[in-house]
Amino acid sequence: MSTHTLTGPAPAGLRFHPLRDSATMLRRNLKRMLRYPSMTVMLVGMPVVFLLLFVYVFGGTLGAGLGGPVHSGAVGGRAEYANYVAPAIILMTVTSTVQGTAISIAMDMTEGIIARFRTMHIARVSVLTGHVLGSVIQAVFSLVIVIGVALLVGFRPAAGLGGWLAAAGFLVLVTFALVWLAVALGQVSKSVETASNLPMPLVLLPFLGSGFVPTDSMPAGLRWFAEYQPFTPIIETLRGLLMDKPIGNNGWIALVWCAVIALGGYLWSKRLFNRVGSR
Amino acid sequence: MTTRQSSAIAVTGLRKSFGDQVVLDGLDLTVRRGTVFSLLGANGAGKTTTVKILSTLLSADAGEVQVAGHDLAREPDAVRAAIGVTGQFSAVDNLLTGEENLLLMADLHHLARGEGRRRAAQLLEQFDLVEASRKPASTYSGGMRRRLDLAMTLVGSPQVIFLDEPTTGLDPRSRRNMWQIIRDLVAGGVTIFLTTQYLEEADELADRIAVLDHGRVVAEGTAEELKRRIPGGHVRLRFAAPQGLDAAMGLLGQATRDNDALALRVPSDGSLRSLKTLIDRLDDRAIEVDELSVHTPDLDDVFLALTGDSTNEKVTTR
Ligand SMILES: Nc1ncnc2c1ncn2[C@@H]1O[C@H](COP(=O)(O)OP(=O)(O)OP(=O)(O)O)[C@@H](O)[C@H]1O
Ligand SMILES: [Mg+2]
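Residues numbered from 1 in each chain as written. Chains lettered and ligands numbered in written order. Predicted model: local features only at pLDDT ≥ 70, side-chain atom pairs only at ≥ 80, totals over all residues. Heavy atoms only, no water.

The name given to chain B in an unreviewed UniProt entry is ABC-2 type transport system ATP-binding protein, with the source organism recorded as Kutzneria viridogrisea. Recorded under Subcellular location (unreviewed entry), the UniProt text for chain B is reproduced unchanged: "Cell membrane". Listed in UniProt under the heading Sequence similarities (unreviewed entry), the comment for chain B reads: "Belongs to the ABC transporter superfamily. Drug exporter-1 (DrugE1) (TC 3.A.1.105) family." (UniProt positions renumbered as here; feature names shortened; annotations may be inferred.)

Identification of chain A as Transport permease protein from Kutzneria viridogrisea is taken from an unreviewed UniProt entry.

Shown next as structure tokens:
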């Protein structure tokens, strides 16, 4: 075509570099997190507060009601409850991070620089993958802190090295899936406030599952919901891995949920981002 | 078509509506490579909408657009690879420093690390941002942010640059600095598509100017051509002696005289032909003229005359 003679960029210049662009966007997001640390502090703070609340305020009573091999006295109940609730708190660390992702995506979308990115020849999805990778790294950082605090307040996991590695891999996977969902939620939000409210169900779901009390203690309708919602198999898998107990079907069910959430979130996010003329 | 090949931007029949509000109603534009094209129009005329469409940010409802030889609808990626955009509203990362913003652009254009640093340093220098380079952009003044914005657009050395009101909010020195940068870019073969509220700016920079009104181009040409289209142009003749003034007055009936200044104001469109006729007539009578100056209306007059009935209202609805 004659037009090519005047346009310059050779086909090679038109190739996309999604990995390189994602790494660039990741660096951007990590820098932004460092410049805006109050968000990170808040995101780690919430699960820590819940952990302390549940172990020290509710732990004695809830632990006594757990059933099974009951230790004598309130201290035994509290210790046992710390082990029971820790996986839920660990998962709450993930949902809290994910809420942060939705907020920072919504904030980012209001910034003019996103419009600039859209006019540039870059792998578009890298704007989103940069956020996803940044959030996963942030979640790992928060998880280390929260698990550390949990160990301090009496969490005594039974897992060996293998169990810990499996749990770590599993947590990264869960984070990855939920973060993609949050990226979509952050984009559909018209404001930063909406973005912080939309992922609320994610934060609440562990309560309506086996996170804080066993599901058989719940009324029938709620129990039905609790048993089938995705967070129950996820928590049960995590609990099994950390406490070195059999996880049964829960592992597979949790993995399928993660895959579905990740894929759904990814496709939804990508479609939202590629809308032409969205603003 | 030859016009298409030598043009950096070619637009035919571009249409865009928001709901039932028609913003662009069959826009036609051609911008030659290596020139500055300026789009003028009242607030809400659709300048930003045009820039957004041409820079792939917004989809058009109808029309053919080629940018840098690529069809906008079919090869948006090729268009993006060739263009740089500085929008009307700031597009910098406020949490990053000025330098980090430029390095971010360098990384996204896949410049080697050293080259990226060099380019960033050079642009910081060129845009007078060296001192502020390590401060977050959120602490910049409006003008500094604007300069950073343009610097970021230039990191990738684009062939076609869209500037939506690039000097709004700049002080006179920064504005002149910006003009010089634009001239240098054009000298290097870059094509500039510029919108502005400062007609003086279009006058200074633009090779061609188009006036947008009611979703269409109502006038297009060089600044001079546009000025000649509207009345108000005249030639002022100053004479050494009252006799000359009297003689000329007798000769050129419809002129207005200024006895104190020994000057005569003759209506004229300022074209070479009419000037030659005028000078020949004076010469024939051997009337001595001390000084001759041509006064064309400025672009403000043109703008007000062309968009007169719509300066305060929005675009037509249908
Ligand atoms: N996203 C949108 N949704 C609805 N209407 C819009 C949208 N964007 C622009 N418009 C309308 O389109 C018209 C043209 O807007 P545009 O921003 O292109 O004007 P402009 O010429 O750049 O004005 P200004 O000189 O004020 O920058 C305006 O009436 C505006 O209200
Ligand atoms: Mg505008």
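1. Details of the overall build of chain A
Each helix and strand counted, chain A has twelve helices and zero strands in total. Element order for chain A, N to C, with α for helix and β for strand: α-α-α-α-α-α-α-α-α-α-α-α. Dimensions of chain A, computed from C-alpha atoms along their principal axes, come out at roughly 85 × 40 × 35 Å. Counting the 279 residues in chain A, one finds 50% classified as buried. The contacts in chain A between residues at least 6 apart in sequence include a share of 79% that link residues at least 24 apart. Counting 20 positive and 9 negative side-chain charges, chain A places the averaged centre of each group 14 Å from the other. (Helix = DSSP H or I, 4+ residues; strand = E, 2+ residues; numbered from the N terminus. Buried < 20%, exposed > 50% of the residue type's maximum accessible area, 1.4 Å probe, protein only. Contact = heavy atoms within 4.5 Å. Lys, Arg positive; Asp, Glu negative; His and termini not counted. Charge placed at Lys NZ, Arg CZ, Asp CG, Glu CD.)

2. Side note on the UniProt feature "transmembrane region" (unreviewed entry) in chain A
UniProt feature "transmembrane region" (unreviewed entry): in the numbering of this structure it lies at residues 41-64, 84-107, 128-155, 161-186, 198-215 and 251-269 of chain A. Helix makes up 28% of residues 198-215 of chain A and strand makes up 0%, while its end C-alpha atoms are separated by 25 Å.

3. Some remarks on the confidence of the model for chain A
All names here are of chain A. Chain-level pLDDT for chain A is 84 on average; 90% of the residues reach the 70-or-more range. Taken together, the stretch residues 1-10 has pLDDT below 50 and engages in 13 contacts with residues farther than four places along the chain or on a different chain. In the model, residues 70-75 has pLDDT below 50 throughout and makes four contacts with residues more than four positions away in sequence or in other chains. (pLDDT = per-residue confidence, 0-100.)

4. Here's the deal with helix α3 (residues 37-64) of chain A
Here α3(A) is 28 residues long and its end C-alpha atoms lie 39 Å apart, about the 40 Å a rise of 1.5 Å per residue gives. Within α3(A), the axis deviates most sharply at A:F58, by approximately 75°. (Expected span 1.5 Å × (residues − 1). Bend = angle between axes of the 7 residues up to and from the residue.)

5. Structural notes on the pattern of salt bridges
On inspection of all chains with the given rule, the structure shows 23 salt bridges over all chains. Note that A:D108 and A:R32 form a salt bridge whose closest N and O atoms lie 3.9 Å from each other. Highlighted residues: A:D108 in helix α4 (residues 73-109) and A:R32 in helix α2 (residues 18-35), separated in sequence by 76 residues. Each member of the pair, A:D108 as well as A:R32, is classed as buried. The salt bridge partner of A:E236 is A:R239, with a shortest N-O separation of 2.9 Å. Of the two residues, A:E236 and A:R239 both sit in helix α11 (residues 231-243), three residues apart, roughly one turn of that helix. Judged by its relative accessible area of 24%, A:E236 is partly exposed. A relative accessible area of 8% means that A:R239 is categorised as buried. One salt-bridge network, held together by shared partners, links A:R28, A:R32, A:D108, A:E111 and B:D93. (Salt bridge = Lys/Arg side-chain N within 4 Å of Asp/Glu carboxyl O.)

6. Here's the deal with the interface of chain A and chain B
Listed as interface residues are 35 residues of chain A and, on the opposing side, 39 residues of chain B. Of the roughly 3300 Å² buried between chain A and chain B, counting both surfaces, carbon and sulfur atoms make up 59%. Connecting chain A to chain B are five salt bridges. Here B:E100 ties to A:R35 by a salt bridge, and the two come within 2.8 Å at their closest N and O atoms. The tally of links from chain A across to chain B stands at eleven residue pairs in polar contact (both at pLDDT 80 or more). For the side of chain A that touches chain B, the elements supplying multiple residues, two or more each, are α1 (4-7), α2 and α5 (112-118) of chain A. (Buried area = accessible area lost by both parts, 1.4 Å probe. Polar contact = N/O pair within 3.5 Å; in protein donor to acceptor, adjacent residues only side chain to side chain.)

7. Structural notes on empty space enclosed by the protein
All names here are of chain A. Per the stated rule, a full pass over the model turns up three cavities of 30 Å³ or more. Its boundaries defined by the atoms lining it, the largest cavity holds a volume of some 200 Å³. Taken together, 15 residues line the largest cavity, and the ones lying closest to its centre are N29, R32, M33, M39 and S104. When contributions to the lining of the largest cavity are tallied by element, the ones reaching two or more residues are α2, α3, α4 and α6 (125-152). If you tally residues by element for the lining of the largest cavity, the top one is α4, at four residues. (1 Å grid on protein atoms, 1.4 Å probe; cavity = no way out; pocket = protein on both sides within 12 Å on 5 of 7 lines; lining within 4 Å. Points joined across faces, edges and corners; volume = space filled by probe spheres on them.)

8. Quick look at the coordination of the magnesium ion (ligand 2)
All names here are of chain B. In the first shell of the magnesium ion (ligand 2), the protein supplies T48 (OG1) and Q88 (OE1), at 1.8 to 2.1 Å from the metal. Here T48 is found in helix α2 (residues 47-54), whereas its partner Q88 is found in the loop between β6 (83-86) and α4 (98-108), with 40 residues between them in sequence. You can call T48 partly exposed: its relative accessible area is 22%. According to the relative accessible area criterion, Q88 is partly exposed, its value standing at 27%. (Donors = N, O, S within 2.8 Å, 3.2 Å for Na, K, Ca; no water.)

9. Some remarks on the nonpolar core
Core analysis: the biggest nonpolar cluster contains 112 residues, and A:F117, B:L102, B:M105, B:F127, B:I182 and B:I192 have the highest contact counts within it. The element that contributes the greatest number of residues to this core is α4(A), accounting for 15 residues. Not counting the four nearest positions on each side in its chain, B:I192 is found in contact with B:T35, B:V36, B:F37, B:I161, B:L163, B:I182, B:L185 and B:V186. Within the second largest apolar cluster, 29 residues are counted, among which are B:V65, B:V67, B:V85 and B:A210. (Core = buried A, V, L, I, M, F, W, Y, C linked by side-chain atoms within 4.5 Å.)

10. Regarding the site of ligand 1
Residue and element names in this part refer to chain B. Residues in close proximity to ligand 1 total 15 residues, the closest being Q21, G44, K47, T48 and T49. Here G44 contributes a backbone N or O atom positioned 2.8 Å from an oxygen atom of ligand 1. In this structure, an oxygen atom belonging to ligand 1 sits 2.9 Å away from a main-chain N or O atom of G46. The protein chains hide 69% of the 640 Å² of surface that ligand 1 would expose on its own. Elements that contribute at least two residues to the shell around ligand 1 include exactly β2 (21-32) and α2. The element best represented in the shell around ligand 1 is α2, accounting for three residues. (Near = heavy atom within 4 Å. Areas by Shrake-Rupley, 256 points an atom, 1.4 Å probe, with all protein chains shown as cover.)

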